[in-house]
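Observations on the three-dimensional arrangement
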Amino acid sequence: MICKPDAVERGLVGEILSRFEQKGLKLVAAELRVLDAETLSRHYEEHVGKPFYDDLVGFMSRSPAMTLVLEGPDDTYAMVRTMMGATNPAVSPPGTIRGDLGTEMTENLVHGSDSNESAEREIGIFFPGLA
Ligand code: CMP
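Residues numbered from 1 in each chain as written. Predicted model: local features only at pLDDT ≥ 70, side-chain atom pairs only at ≥ 80, totals over all residues. Heavy atoms only, no water.

**As for unusual backbone geometry**
Even without being a glycine, Asp75 presents a positive backbone phi close to 60 degrees. Topologically, Asp75 is positioned in the loop between β3 (65-71) and α5 (76-84). Classification of Asp75 by relative accessible area gives partly exposed; the value is 39%. We note that Leu109 has phi near 75 degrees; this positive angle belongs to a residue other than glycine. Take Leu109: it is sitting in the loop between α6 (97-101) and β4 (110-111). (Helix = DSSP H or I, 4+ residues; strand = E, 2+ residues; numbered from the N terminus. Buried < 20%, exposed > 50% of the residue type's maximum accessible area, 1.4 Å probe, protein only.)

**What about the environment of Leu12?**
By the secondary structure assignment, Leu12 is in the loop between α1 (5-9) and α2 (13-23). You can call Leu12 buried: its relative accessible area is 13%. Each C-alpha atom, one on Leu12 and one on Leu68, is 14 Å from the other, the two residues being 56 residues apart in sequence. If we ignore the near neighbours within four places in the chain, the residues touching Leu12 are Ala7, Leu101 and Leu109. (Contact = heavy atoms within 4.5 Å.)

**Let's talk about the nonpolar core**
In terms of nonpolar packing, the biggest core is built from 19 residues, with Met1, Cys3, Ile16, Phe20 and Ile97 touching the most fellow members. When contributions to this core are tallied by element, the ones reaching two or more residues are α2, β3, α5 and α6. Per-element tally for this core: the top contributor is α2, with four residues. Residues in contact with Cys3, not counting those within four places in the same chain, are Val8, Val13, Ile16, Ala65, Met66, Leu68 and Leu109. Among the nonpolar cores identified, the runner-up in size contains 15 residues, and Ile2, Ala29, Tyr44 and Met60 belong to it. (Core = buried A, V, L, I, M, F, W, Y, C linked by side-chain atoms within 4.5 Å.)

Put into structure tokens, the structure is as follows:
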């Protein structure tokens, strides 16, 4: 998962990470880094060319993001995404990260892999030594 630049700027990384730790997921890798356009084009390959893509890259590369790997039982990715809430904070219920802490569609605090395959692919991009 990624705590996006808005989460780091707002000082919410501790709050977000604490939710996953309290849930019982284990933090196995973390790095605070500024993501460049090339790395983001690999990460967001399915979104390249979409109307929001340029804004997304501008936002995601404007200041450091915290990339993380969380470990847990089968389908941990699904647990993480449930806790994040929907991409659109307007329909993210209270109790979720975006429902509790966010108001914007692009600046939506967190990214979570959407399948085990995506998790493996994204870990390979951000933590090549771990895959
Ligand atoms: P994320 O889970 O990181 O995956 C793609 C990101 O693009 C998404 O979270 C949002 O930050 C952003 N995004 C997705 N859909 C839209 C949209 N319709 N308008 C603006 N930003 C979007």
